[in-house]
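Given next are the chains, with one letter for each unit.
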Amino acid sequence: MSTSFRVEYYDYRGNPNIGVYIVANNLIALVPEDLDRRDINLIKEVLGVEVYPAKVSDTYLLGVLVAVNDKGILVPRTISDQELRKIKALGREKGLNIGVLPSKNNAVGNMVLANNKAALAYPELDDRSLQVIRDTLDVEVERRAIMGIPTVGSLGVVTDRGGLIHRDVSEDELEHLSSYFGVPIYTGTVNFGVSFIKTGLVANRKGGLVGSDTMGPELVRIQMSLGG
């Protein structure tokens, strides 16, 4: 286990489902606009990133609506012009590609599972949407369900050091995913047995934030899986 990978408990306004509201890569974290300074400082410290308050589609469900890696930010077509201008300004500042997914499904964060090496996408996405993902994140993209579940982005968190995914994923699928993303991937849970990992975990290669319902053994599993 790497001692340089730090994991801390964090709830957003008392809600341990922090991955619904926050999305991060190794450079930035997009967070709800109503976070106070103490929360922002914790996120900065643990993830080692700059924090940018944002809103997408007039909500704070940033983890559900946005997918990122270090090359780009994917947002839904329901994003407002004002919100998109703010995201594009961030893109220019940080050298990130900004892509608007043309799909009618706006839950981009639940449809895309990505790190800096590869991405899995919701299997029903059209070719145009797949090309936007490819161009924005600058990675190989594969349409694929995991365990027959199409919302692949909700099932796991994958960084450039490792990954944690739904506890029921088979050994064969784990082997494929580890090979595809180029990092070891393990099964686990968050928040006292929740298998949809993304809901309760925000992580990059430097550290992770996990909902406060997460138990000690789950925390150890997270550190082992993502601390690489």
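Predicted model, so just to flag it, every value in this text is computed and none were measured.

## Considering the side chain of Ser195
- Counting through the fold element by element, Ser195 comes out in the loop between strand 13 (185-188) and strand 14 (201-203).
- Looking at Ser195, the relative accessible area reads 8%, which means it is buried.
- With residues up to four places along the chain from it excluded, the contact list for Ser195 reads Leu155, His166, Arg167, Gly188 and Thr189.

## Some words on the pairing of strand 13
- Pairing geometry for strand 12 (residues 163-166) and strand 13, over four bridges, is parallel. The residue of strand 13 that forms the bridge with Ile165 is Thr187.
- Where the polypeptide runs from strand 12 across helix 6 (residues 171-181) and back to strand 13, its parallel neighbour, the crossover connection is right-handed.

## Some remarks on the pairing of strand 12
- In terms of strand pairing, strand 11 (residues 156-158) meets strand 12 through three bridges, oriented antiparallel. Each bridged residue has a counterpart across the sheet, and for Gly156 the counterpart in strand 12 is Ile165.
- Hairpin connection, strand 11 to strand 12: the antiparallel pair is bridged by four residues.

## Re the pattern of salt bridges
- Following the criterion strictly, the structure yields 11 salt bridges and no others.
- For Glu45, the salt bridge is made with Arg6, and the minimal N-O distance between the two is 2.8 Å. With Glu45 in helix 1 (residues 37-47) and Arg6 in strand 1 (residues 6-9), this pair connects stretches of sequence that are 39 residues apart.
- By relative accessible area, which is 52% here, Glu45 ends up exposed.

## Comments concerning the sheet that holds strand 6 (residues 72-76)
- The strand order across the open sheet formed by three strands is 5-6-7, and the pairing between neighbours is mixed. In this open sheet, the two strands that pair with only one neighbour each are strand 5 (67-68) and strand 7 (97-101).
- Strands in contact with helix 5 (residues 127-137) are strand 5, strand 6 and strand 7; relative to strand 7, the strand with the most contacts, it is inclined by about 165 degrees.

Analysis parameters
- Residues numbered from 1 in each chain as written.
- Predicted model: local features only at pLDDT ≥ 70, side-chain atom pairs only at ≥ 80, totals over all residues.
- Heavy atoms only, no water.
- Helix = DSSP H or I, 4+ residues; strand = E, 2+ residues; numbered from the N terminus.
- Buried < 20%, exposed > 50% of the residue type's maximum accessible area, 1.4 Å probe, protein only.
- Contact = heavy atoms within 4.5 Å.
- Pairing = 2+ DSSP bridges.
- Right-handed = clockwise from strand over helix to strand, strands pointing away.
- Salt bridge = Lys/Arg side-chain N within 4 Å of Asp/Glu carboxyl O.
- Axes fitted to C-alpha atoms, helices over the stretch in contact; angles between N-to-C directions.

The analysis is restricted to geometry; functional conclusions fall outside its scope.
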